[in-house]
Amino acid sequence: MAHTPDFFKKSPAELKSLSTALDIPLEVVHSWFRDRKLPTGEHLKAIAAYTGYSVQQLKVFWGHVDSELLAWLQKNADLVPNLSPSVKKKKPLNETMSTELGTLYQNDCMDVLAEIEDDSLDLIFADPPFNLNKKYPSGMNDRLKEEEYVSWMTGWVDELCRTLKQGGSLFLWNLPRWNSEITRHLNRILYFKHWISVDIKYSLPIKGRLYPSHYSLLYYTKGKKANYFVPDRIPMQICPKCYGDLKDYGGYKSKMNPKGVNITDIWTDIPPVRHAKYKRRKDSNELSIKLLDRIVEMASRPGDLVFDPFGGSGTTYIVSELKGRRWIGTDIGPSKEIIDRFGIIDTERDILEEYRADLNSLFTRNGREQRKKRKIWTDESFHGGNAGKDKKG
Ligand SMILES: C[S@@+](CC[C@H](N)C(=O)[O-])C[C@H]1O[C@@H](n2cnc3c(N)ncnc32)[C@H](O)[C@@H]1O
């Protein structure tokens with residue numbers, strides 16, 4: 001956790017007198033000290049005059065290293081003390097389940113990460129709690145101060161970067177609010193590939209804001225080139241009622257790849273997990289097998305090692321197991337739901353196979369059938385058969 005300077009410990013009376021002395025509304029003063037938003041321009045100068053700190057010192061308090069200060073530090077790096085990293089005592093790990101391919105722990109992910117060697121993981125997927133004050137079975141605090149949450153994220157993200165193999169892939173799932181914080185940090189260590197928007201509505205419309213409608217899925221690699229990147233192709237979108245084209249393909253129909261269309265960085269086909277048939281957890285933070293299937297398929301080969309630091313209901317581990325990837329899993333809370341889920345892995349296999357049956361083809365099975373019935377073109381009108389079925393490329 002970052003050191004919080006006493007500078008921010010101000011009583012309501014102190015904030016009020018600062019507001020009066022500087023003639024700045026209390027609400028604005030609160031945004032600086034409560035939400036830790038950096039004061040700018042004249043405001044920053046006024047606080048400097050009031051507190052006796054320099055503008056640069058104040059920026060450091062707010063955790064903002066601007067280009068001037070950075071240039072100074074880079075020129076004077078020999079003045080930076082050699083801080084020895086704090087040595088943490090390793091905690092014993094609590095293994096709760098294993099298969100031939102993977103092991104599950106009930107531990108804080110930082111304790112599991114401490115046991116993972118440098119540069120050893122092929123693929124990492126992380127879906128942490130979003131700091132929305134949700135109740136988790138572990139009773140963990142899901143309502144941290146903003147800077148505490150970001151500092152917590154940065155801690156495990158650094159560990160993920162250390163343990164990711166050269167050429168390995170890292171995917172981070174979060175609200176855009178939090179992923180936007182971590183990109184700046186990650187851009188300095190890994191290579192940015194994509195900010196994928198996954199179209200899922202996750203709250204009710206809020207007055208004064210746009211309707212939140214996507215999760216952010218960050219995709220980074222260690223080193224410029226991924227060791228493996230072979231995305232599936234997906235069926236083209238057609239009208240769900242009349243099965244006709246949604247776009248005018250003009251003369252291009254015959255040139256369309258019978259194996260389907262390229263996946264873009266906007267994913268509109270990932271279902272929220274709400275239906276009881278798919279739901280393995282009582283609360284709502286479980287991701288679709290379809291999402292993890294896409295990621296695991298795109299960025300790993302059978303036999304590769306997959307890590308997910310925030311197990312939840314174990315979606316990543318189930319998908320890894322079904323696809324022949326080795327995996328390491330952990331959750332700070334009880335493992336029961338994940339273990340139970342492995343008990344019904346055949347059901348999960350059926351669900352996965354059902355999803356995959358419509359991939360790498362220009363039309364879903366139903367879409368193709370309906371279009372043929374209605375005498376609407378399909379790739380078979382031009383290619384004489386669905387040659388690409390079940391093959392990517
Ligand atoms: C959003 S859920 C993950 C859901 C999962 N992706 C799925 O599809 O089921 C986040 C999980 O992280 C776990 N968690 C929170 N802090 C943790 C920590 N420090 N180490 C390990 N697990 C943690 C919580 O108990 C919770 O189950």
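These notes cover the structure that comes with them. Quick caveat, the model's predicted, so the values are computed rather than measured.

Criteria and thresholds
Residues numbered from 1 in each chain as written. Predicted model: local features only at pLDDT ≥ 70, side-chain atom pairs only at ≥ 80, totals over all residues. Heavy atoms only, no water. Buried < 20%, exposed > 50% of the residue type's maximum accessible area, 1.4 Å probe, protein only. Helix = DSSP H or I, 4+ residues; strand = E, 2+ residues; numbered from the N terminus. Pairing = 2+ DSSP bridges. Right-handed = clockwise from strand over helix to strand, strands pointing away. Contact = heavy atoms within 4.5 Å. Axes fitted to C-alpha atoms, helices over the stretch in contact; angles between N-to-C directions. 1 Å grid on protein atoms, 1.4 Å probe; cavity = no way out; pocket = protein on both sides within 12 Å on 5 of 7 lines; lining within 4 Å. Points joined across faces, edges and corners; volume = space filled by probe spheres on them. Nonpolar A, V, L, I, M, F, W, Y, C, P; charged D, E, K, R; others polar. Expected span 1.5 Å × (residues − 1). Polar contact = N/O pair within 3.5 Å; in protein donor to acceptor, adjacent residues only side chain to side chain. Core = buried A, V, L, I, M, F, W, Y, C linked by side-chain atoms within 4.5 Å. Near = heavy atom within 4 Å. Areas by Shrake-Rupley, 256 points an atom, 1.4 Å probe, with all protein chains shown as cover. Phe/Tyr/Trp six-rings, centres within 6.5 Å; stacked < 30°, edge-to-face > 60°. Lys NZ or Arg CZ within 6 Å of the ring centre and 35° of its normal. Salt bridge = Lys/Arg side-chain N within 4 Å of Asp/Glu carboxyl O.

Our focus in this paragraph is the pairing of strand S10 (residues 305-308). Here S10 shows a buried face lined by Leu305 and Phe307 and a second buried face lined by Val306 and Asp308. When strand S3 (residues 121-126) meets S10, the two strands line up parallel, connected through 2 bridges. Its bridge partner being in S10, Ile124 is matched across the sheet by Phe307. Here S10 runs beside strand S11 (residues 326-330); their pairing, made up of 4 bridges, is parallel. Paired with Phe307 across the bridge in S11 is Ile328. This β-α-β element, S10 to helix H10 (residues 315-322) to S11, shows right-handed connectivity.

The mixed open sheet is built from 9 strands, whose spatial order is S1-S2-S11-S10-S3-S4-S6-S5-S9. Every other strand in the sheet has two partners, leaving strand S1 (95-98) and strand S9 (266-267) as the edge strands with one partner each. Contacts between helix H7 (residues 146-163) and the sheet are confined to S3, strand S4 (164-174) and S10, with S4 contributing the most and set at about 155 degrees to the helix.

On to helix H13 (residues 365-373), then. Restricting attention to buried positions, one finds in H13 the residues Gly367, Arg368, Gln370 and Arg371. Looking at the residues trailing H13, positive phi occurs at Lys375, about 60 degrees.

Its volume calculated, the second largest pocket comes out at about 900 Å³. Every residue lining the second largest pocket is counted, 32 residues in all, and those nearest its centre are Pro235, Met236, Gln237, Ile238 and Asp269. For the lining of the second largest pocket, the secondary-structure elements that each account for two or more residues are strand S8 (261-262), S9, helix H9 (289-299), helix H12 (345-356) and H13. Residues belonging to the lining of the second largest pocket are distributed by class as follows: 18 nonpolar, 7 polar and 7 charged.

Within the fold, Val198 resides in strand S5 (residues 191-199). You can call Val198 buried: its relative accessible area is 0%. Taking the C-alpha atoms as reference points, Val198 and Asn107, separated by 91 residues in sequence, lie 29 Å from one another. Excluding anything up to four places from it in sequence, Val198 contacts Trp173, Ser213, His214, Tyr215, Leu217, Trp267 and Ile270.

Before going further, it helps to spend a moment on H7. The first and last C-alpha atoms of H7 sit 26 Å apart over 18 residues, in line with the 26 Å expected at 1.5 Å per residue. Buried residues of H7: Tyr149, Val150, Ser151, Met153, Thr154, Trp156, Val157, Glu159, Leu160, Cys161 and Thr163, and no others. Where the residues of H7 are buried, they touch helix H6 (109-113), S3, S4, helix H8 (176-187) and S10.

In this section: the side chain of Ser300. Mapping Ser300 onto the fold places it in the loop between H9 and S10. A distance of 2.7 Å separates a polar side-chain atom of Ser300 from the backbone oxygen of Val296. The residues touching Ser300, leaving out its near neighbours within four places in the chain, are Leu123, Tyr228 and Arg325.

Okay, the nonpolar core next. Grouped together as the largest cluster of nonpolar side chains are 65 residues, with contacts concentrated most on Trp156, Leu172, Trp173, Leu217, Trp267 and Leu291. Those residues within four positions of Leu217 in sequence are excluded, and the remaining contacts are Phe125, Phe171, Leu172, Trp173, Asn179, His194, Trp195, Ile196, Val198, Trp267, Leu291 and Ile295. In terms of nonpolar packing, the next biggest core, distinct from the first, is built from 14 residues, Phe7, Phe8, Leu18 and Ile24 among them.

Once that is clear, we can look at the site of the ligand. Around the ligand lies a shell of 21 residues, among which Cys109, Asp127, Ser313, Thr315 and Asp331 are the nearest. Within the contact set of the ligand, a nitrogen atom lies 2.7 Å away from a side-chain nitrogen or oxygen of Asp127. For the ligand, the accessible surface in isolation is 610 Å², of which the surrounding protein chains cover 98%.

For the rest of this paragraph, the subject is the packing of aromatic side chains. Each aromatic ring pair is specified by the distance between its two centres and by the angle formed by the two planes. Inspection of the entire model under this criterion finds 23 aromatic pairs. Geometrically, the ring pair formed by Phe8 and Trp62 is edge-to-face, given 5.1 Å between the ring centres and 85 degrees between the ring planes. Placement of the pair is Phe8 in the segment before helix H1 (12-22) and Trp62 in the loop between helix H4 (55-61) and helix H5 (67-75), with a sequence separation of 54 residues. Note on accessibility: Phe8 and Trp62 belong to one class, buried. One Lys or Arg, Arg36, reaches over the ring of Phe8 and ends 3.8 Å from the middle of that ring. One Lys or Arg, Arg371, reaches over the ring of Trp377 and ends 5.0 Å from the middle of that ring.

Evaluated as defined, the whole model comprises 29 salt bridges. One salt bridge connects Arg36 with Glu147, and the closest N-O pair in it is separated by 3.2 Å. On the criterion of sequence distance, the pair formed by Arg36 in the loop between helix H2 (26-33) and helix H3 (41-51) and Glu147 in helix H7 is long-range, its members being 111 residues apart. For Glu297, the salt bridge identified is with Lys323, shortest N-O distance 2.8 Å. With Glu297 in helix H9 and Lys323 in the loop between H10 and S11, this residue pair connects regions lying 26 residues apart in the sequence. For the residue pair Glu297 and Lys323, the accessibility class agrees, reading buried in each case. The structure contains a network of salt bridges with shared partners spanning Asp232, Asp293, Glu297, Lys323 and Arg356.

Attention now goes to the pairing of S5. Two elements, S5 and strand S6 (residues 214-221), share 8 bridges in a ladder whose sense is antiparallel. Looking at S6, one finds that Trp195 is bridged to Leu218. Pairing geometry for S5 and S9, over 2 bridges, is parallel. Within S9, the residue paired with Ser197 across the bridge is Ile266.

Purely geometric stuff here, so don't read any function into it on its own.
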